[in-house]
Amino acid sequence: MARGELMKKLLSSYGRDDEFRGVVEQIISEEEKKNNRVLARSLRKALDGLTTRPQAKGLSPLVPFPDEAGEFIQRIEPVHTPDDIILTHDNIELFTGLLDEFRKSETIKRHGLPVRSKLLFCGPPGTGKTLCAEVFAGQLGLPFFFVKLDSLISSFLGETATNIRKTFEFARRQPCVLFFDEFDAIARSREEGNDHSELRRVVNSLLIFIDQIQPGGFLIAATNLDAHLDPAIWRRFDEVVWFDHPDEAMVRRYLTNALKNTETEFEAEDFVQSLADYSYAELEKICNQAKKISLLDRRKSISKKDFRDAIRYAERRRMRLRKLSNNQ
Ligand SMILES: Nc1ncnc2c1ncn2[C@@H]1O[C@H](COP(=O)(O)OP(=O)(O)OP(=O)(O)O)[C@@H](O)[C@H]1O
Ligand SMILES: [Mg+2]
């Protein structure tokens, strides 16, 4: 195998001890074939000296991901924590309940009761659906796998649904959070009454798999469509979780948190009302822009004017985006 390919395999086996050892074995045997005995020997010594890292308590060893899935599934290391996300009381209660259920799943199953494990996240862009899935995976202590549905669907058009089956088989065996982003792709393809029978076949088999799977961890799908979501889709999930733009109290909390390590010449309160109706992602952009304006002007603190200018940028950006979507 080409050196580049081996390097790629080595990197993608990061965190999976058995797979990592297998790839190193392959590198050693290639070096032996090339008669690079000294290198092969020292690699073997280094490999033998490696101790297997203990798995996190309570986690089963990682099952290698099917190779074919590499192009549409990515493992993400959760970096955000619950402190980074603002959730409604309802959602906090819901996620606390789900965590509790997951931790006591053996007891629940022993009593013949189902454990909720399939979640659908709905809501406008930039309201924390992806962030929440990542934070939730971190809280559960489960690996987080991100599925790009657009590429999953397009890579299977013209092929069999075998790879979809492999993906679900993986999620059944490997306790993990399998996150289907842009689930709108599925919803839309049904909505448009698409004539593309092949596409419909793939979408339908995906829905059947979602229906049948009892994941070892969680299956989470996220979509921007809400009111128009086909019941055939949402009824397959144990919970539908709503995400929305922040209300005044949440804007206040967001600003206070985002500006806590920065000097400001104003109070978060001064802007709470003018920021109604913005998404969290837009609030993040505004705060970052205000920080940049003062930084580029070599000032230590953000002035009220900096923040107002940043809001103006955001308004202009909104107008341009509106124009774009009107032209489509
Ligand atoms: N509820 C929230 N609390 C704090 N920050 C948030 C929240 N929601 C979004 N953000 C900020 O906005 C960024 C983008 O959010 P995220 O990608 O989770 O939105 P999304 O709902 O998945 O959007 P899309 O529908 O476009 O995929 C986050 O990385 C975070 O910085
Ligand atoms: Mg998202």
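Above this note sits the structure.
What counts and how
- Residues numbered from 1 in each chain as written.
- Chains lettered and ligands numbered in written order.
- Predicted model: local features only at pLDDT ≥ 70, side-chain atom pairs only at ≥ 80, totals over all residues.
- Heavy atoms only, no water.
- Helix = DSSP H or I, 4+ residues; strand = E, 2+ residues; numbered from the N terminus.
- Contact = heavy atoms within 4.5 Å.
- Buried < 20%, exposed > 50% of the residue type's maximum accessible area, 1.4 Å probe, protein only.
- Core = buried A, V, L, I, M, F, W, Y, C linked by side-chain atoms within 4.5 Å.
- Near = heavy atom within 4 Å.
- Polar contact = N/O pair within 3.5 Å; in protein donor to acceptor, adjacent residues only side chain to side chain.
- Domains from an automatic or database assignment.

Now for the side chain of Thr223. Structurally, Thr223 can be placed in strand β5 (residues 218-223). When sequence neighbours within four positions are dropped, the list of residues in contact with Thr223 reads Leu120, Phe121, Cys122, Gly123, Lys129, Phe183, Asp184 and Leu229.

With respect to the element layout, Glu101 can be found in helix α4 (residues 89-103). Residue class for Glu101 comes out buried when judged on its relative accessible area of 16%. Once residues lying within four places of it in the same chain are set aside, the contact partners of Glu101 are Ile108, Pro114, Val115 and Arg116.

Mapped onto the elements, Asp184 comes out in helix α9 (residues 184-191). Since its relative accessible area comes to 9%, Asp184 is described here as buried. Once the C-alpha coordinates of Asp184 and Asn224 are considered, the two residues, 40 residues apart in sequence, prove to be 6.6 Å apart.

On to the nonpolar core, then. Phe168, Phe180, Phe183 and Phe237 are the most contacted members of the largest nonpolar core, which has 30 residues in total. Element by element, the count of residues in this core is highest for helix α10 (residues 197-212), at six residues. With residues near it in sequence (within four places) discarded, Phe237 still touches Lys118, Leu119, Leu120, Phe183, Ile210, Leu219 and Ala221. Of all hydrophobic cores here, the second largest spans 25 residues; its members include Ile85, Leu99, Leu140 and Ala222.

Around ligand 1 sit 16 residues in total, of which Ile86, Gly126, Lys129, Thr130 and Asn224 are the nearest. Take Thr130: an N or O atom from its side chain is 2.8 Å from an oxygen atom of ligand 1. Separating an oxygen atom of ligand 1 from a backbone N or O atom of Leu131 is a distance of 2.9 Å. Elements with a minimum of two residues in the shell around ligand 1: α6 (129-140) and α14 (280-296). Of the domains in this structure, domain 2 (68-242) and domain 3 (248-327) are the two that each give at least three residues to the shell around ligand 1.

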